[in-house]
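Overview (structure and organization)
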Amino acid sequence: MSGVVRLSIIDPNEATRNELKNMLIGVDMVWLEAECSRYEFFTEVVSQTKPDIALISLDANPEMALNLIAHVTRDLPSCNVIVVSSSQEGSLILKAMRNGAKEFLGFPLVLEDFLSALNRIQITSGKSEGEHNAPRSSQVITVAGVSGGVGCTSLAINLACCLASHDHNSVAVIDLDLALGDTDVWLDIIPDYTIQDVAENISRLDYSLLKRSLTKHACGAFLLPRPVQMDMSMQITTEVLRRIIALLRATFTHLVIDVSKSYNSLDLAAMELSDTVLLTAQLDLPCLRNVVRLSQFFDTNDHIAEKIKVVMNRLGLEDTQISVSKALETIGREIFCQIPNDYATMVESRNNGIPLVMQAPKAKLTRTIMGLAASVSGESASEQEDSVSRKKKSLFGFLNNSK
Ligand SMILES: Nc1ncnc2c1ncn2[C@@H]1O[C@H](COP(=O)(O)OP(=O)(O)O)[C@@H](O)[C@H]1O
Ligand SMILES: [Mg+2]
């Protein structure tokens, strides 16, 4: 998880201050530095405690609170002001922003809104240079397939673990193949909780409960697995999925979603909420036909079409009769990445429950997936490799599977 954000709060109204505090206490990346009940004392509190965030409630006295925003931002420019108010009046919002507030949130405060605000603010102040103290904006990558067994789970897991090998990344995998998902096998994890527990508790889900629901793998990636039992009556709505993704987005730098092959409403919602959709295929006729078929379908959905990137898996597979150039001609779109065929390495990794980046870091297969991780996250492949070699020094830490 990302580092701690230090926050001081001012709200003269004790009841609403406690309500805000109780919500913030559940967010364990937030360290409550100070609380204050008088607007006139808060500038002093801020200059002494130097928090990353000043949470200013406007409702008790908007005029004093607006002046306070100006004083805080003038005296401590590195402190980010988040304003909370039950009024959403345009002129009030405008004045708060003009006085230097970074975010204006409604009261009662909604956890996801607060986490998203933190995410946007992306504080880098107050700690040693180059240190990432706060959640950065998050990237969501869905791995979808054009046919069964094309390698979606192989890619989703290994992509996530490559991303997690980078020091500055925090990565979660969501297994959205609710019936047949097998991400837990690939990571050799026996989970305590699954996406079903999270969905059932979504209305009271806070950050620490969410964190407990995820199981951490030794490589650093967290997993939210599919439900333990097959249960057709279990319903995760797209709205619930949206909330889960919003909470995880605020917590992790990368989410990798392994969707089912049924293109149901949840799969499509995941794709819509993603920044990138890796459409995985192989060089055979059924796959190429389905790339075309699915492309036509996605073209009708603006929230998905532009995010699609085709990944051709298992290049060099012996009985493949179709060349890359022929495939390009057939599908009429670019191939974003070509992954070599290496069944022995991939299956050994799966059977041992050890991701490629740990099991076979030098293999061409692993290096290609490293490159894919770098290109989806906008980093150079060498940056990723540097990070892996640094992490290898602490390989024995992998024995400790604690959260
Ligand atoms: N690049 C690859 N080279 C060799 N075998 C692969 C590769 N990618 C996947 N596989 C194998 O293909 C099979 C199906 O992969 P899987 O990820 O479970 O597919 P999906 O999730 O699309 O159903 C697995 O046995 C896996 O080891
Ligand atoms: Mg799968």
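Structural data are supplied above this passage.
Now for a quick tour of the structure. As the structure is a prediction and not an experimental result, all values here were calculated from the model.

A separate point is the pairing of strand β12 (residues 308–315). Where burial is concerned, most of β12 is hidden: six out of the eight residues are buried. Across six bridges, strand β11 (residues 276–282) lies against β12 in parallel orientation. Bridge assignment links A281 to a residue of β12, and that residue is M312. Bridge count for β12 against strand β13 (residues 335–340) is four bridges, and the pairing is parallel. Opposite V310, over in β13, you have I335 as the bridge partner.

Before going further, it helps to examine the site of ligand 1. Close to ligand 1 lie 18 residues; G151, C152, T153, S154 and M346 are nearest. Looking at the shell around ligand 1, the elements that each hand over two or more residues are α6 (152–164), β12 and α15 (343–352). At four residues, α15 tops the list of elements feeding residues into the shell around ligand 1. Taken together, the residues of the shell around ligand 1 sort by class into seven nonpolar, eight polar and three charged.

Let's shift gears to the sheet that holds strand β6 (residues 139–145). Strand order in the open sheet formed by eight strands is β8-β9-β7-β10-β6-β11-β12-β13, and the pairing between neighbours is mixed. On the outer flanks of this sheet lie β8 (215–216) and β13, each paired with one strand and no other. As defined by bridge partners, β6 adjoins strand β10 (residues 254–258) across five bridges and the pair is classed as parallel. Within β10, the residue paired with I141 across the bridge is V256. Against the sheet, helix α10 (residues 238–251) engages β6, β7 (171–175) and β10, with an angle of about 145° to β10.

A few words now on the nonpolar core. Among the nonpolar cores identified, the biggest contains 113 residues, and L159, A160 and L279 are the most heavily contacted of them. At ten residues, the largest contribution of residues to this core is made by α6. Composition of this core by domain shows at least three residues from each of domain 1 (5–121) and domain 2 (139–399).

The rules we used
- Residues numbered from 1 in each chain as written.
- Chains lettered and ligands numbered in written order.
- Predicted model: local features only at pLDDT ≥ 70, side-chain atom pairs only at ≥ 80, totals over all residues.
- Buried ≥ 20, exposed ≤ 12 C-beta atoms within 10 Å, placed from the backbone.
- Helix = DSSP H or I, 4+ residues; strand = E, 2+ residues; numbered from the N terminus.
- Pairing = 2+ DSSP bridges.
- Near = placed C-beta within 6 Å.
- Nonpolar A, V, L, I, M, F, W, Y, C, P; charged D, E, K, R; others polar.
- Contact = placed C-beta atoms within 7 Å.
- Axes fitted to C-alpha atoms, helices over the stretch in contact; angles between N-to-C directions.
- Core = buried A, V, L, I, M, F, W, Y, C linked by C-beta atoms within 7 Å.
- Domains from an automatic or database assignment.

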